Amino acid sequence: MVSSDLPAPAGIETRDDSDFMRLALELGDRARGRTGDNPHVGSVVVVDGRVLGYGWTGEPGQNHAEVSAISSAERRGHSVAGATLYATVEPCCFVGRTPACSATIIAKGIRRVVFAVRDPHPRVNGCGAAQLRAASIEVVEGVCVNEVELALGHWLRSHRERAPETHLVREGQ
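Throughout what follows, the structure given in this document is the object of discussion. Here the structure is a predicted model, which means the values were calculated and not measured.

### Considering the pattern of salt bridges
Side chains bearing opposite charge may pair, as long as their charged atoms lie close to each other.
So, step 1. Per the stated rule, a full pass over the model turns up nine salt bridges.
So, step 2. Here R22 ties to D19 by a salt bridge, and the two come within 4.0 Å at their closest N and O atoms. With R22 and D19 both in helix α1 (residues 17-29) and three residues apart, the pair spans about one turn of that helix.
So, step 3. The partly exposed category is assigned to R22, whose relative accessible area is 31%.
So, step 4. Residue D19 is classed as buried on the basis of its relative accessible area, which comes to 6%.
So, step 5. Through salt bridges with shared partners, one network takes in D17, R112 and E138.

Here is the structure:
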């Protein structure tokens, strides 16, 4: 699939932040169940309303969605400098099994980053956004937050609560 094959959501004539975030959410669903302890994140790189690249989180140790989207654009011959990057979750800011996504975004000259929810991982949780802002990148948080919270609910809860998910049952039921 090439970038021009990515349609706008049905009935949409023009695209805005929420349209691109919904596309990122759809892309993230492609990774559902295959990301280990990472969330199934989707990402899209856009310039002037045109999708240049897209991606989703790979298996543990493989690229996160943001780096996949940047690589996708570059493989197609596009520079991502000055672009807007959409990601369903805040870009990570530490080196683990992969390099920090925030460092890659900064190095590539992305000018604007839009994400739905902060990454509740204790080594991220606002750090990715702070690093981007410190590099003079515009950061927009909270776009399509309800939809992303629903899609990533289990992963978000498990990281926010730092405890296994349990279900309460009323006595007698």
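### Re the layout of surface pockets
If you roll a probe as big as a water molecule over the atoms, it shows you where there is empty space left.
So, step 1. Empty space within the largest pocket amounts to approximately 340 Å³.
So, step 2. Taken together, 21 residues form the lining of the largest pocket, with N38, H64, C92, F94 and D119 sitting closest to its centre.
So, step 3. Elements with a contribution of two residues or more to the lining of the largest pocket: α2 (65-75) and α6 (153-161).
So, step 4. Grouping the constituent residues of the lining of the largest pocket by class yields nine nonpolar, seven polar and five charged.

### A short note on the pairing of strand β1 (residues 42-47)
So, step 1. With five of six residues buried, β1 lies mostly within the body of the structure.
So, step 2. The loop that links β1 with its antiparallel partner strand β2 (residues 50-56) comprises two residues; one of these, D48, has a positive phi angle of about 50 degrees.

### Description of the sheet that holds strand β3 (residues 84-89)
So, step 1. Within the open sheet, the five strands sit side by side as β2-β1-β3-β4-β5. Their pairing is mixed. Lying at the two open borders of the sheet, with one neighbouring strand each, are β2 and β5 (138-141). Ignoring strand direction, the axes of neighbouring strands in this sheet form an average angle of 15 degrees.
So, step 2. Pairing between β1 and β2: six bridges, direction antiparallel. If you follow V45 over to β2, its bridge partner there is G53.
So, step 3. Where α1 meets the sheet, its contacts fall on β1, β2, β3 and β4 (112-117), and the angle it forms with β1 comes to roughly 140 degrees.
So, step 4. Against the sheet, α2 engages β1, β2 and β3, with an angle of about 135 degrees to β2.

### Focus: the nonpolar core
So, step 1. Formed by 42 residues in total, the largest nonpolar core has its most connected members in M21, V44, L85, I105 and V113.
So, step 2. The dominant element in this core, judged by the number of residues it contributes, is α1, at six residues.
So, step 3. Ignoring anything within four residues of it in the chain, the contact list for V44 reads F20, L23, A24, L27, V51, G53, Y54, A69, T84, L85 and Y86.
So, step 4. Counting residues in hydrophobic clusters, the runner-up holds six residues, among them V67, C93, F94 and V124.

Calculation criteria
- Residues numbered from 1 in each chain as written.
- Predicted model: local features only at pLDDT ≥ 70, side-chain atom pairs only at ≥ 80, totals over all residues.
- Heavy atoms only, no water.
- Salt bridge = Lys/Arg side-chain N within 4 Å of Asp/Glu carboxyl O.
- Helix = DSSP H or I, 4+ residues; strand = E, 2+ residues; numbered from the N terminus.
- Buried < 20%, exposed > 50% of the residue type's maximum accessible area, 1.4 Å probe, protein only.
- 1 Å grid on protein atoms, 1.4 Å probe; cavity = no way out; pocket = protein on both sides within 12 Å on 5 of 7 lines; lining within 4 Å.
- Points joined across faces, edges and corners; volume = space filled by probe spheres on them.
- Nonpolar A, V, L, I, M, F, W, Y, C, P; charged D, E, K, R; others polar.
- Pairing = 2+ DSSP bridges.
- Axes fitted to C-alpha atoms, helices over the stretch in contact; angles between N-to-C directions.
- Contact = heavy atoms within 4.5 Å.
- Core = buried A, V, L, I, M, F, W, Y, C linked by side-chain atoms within 4.5 Å.

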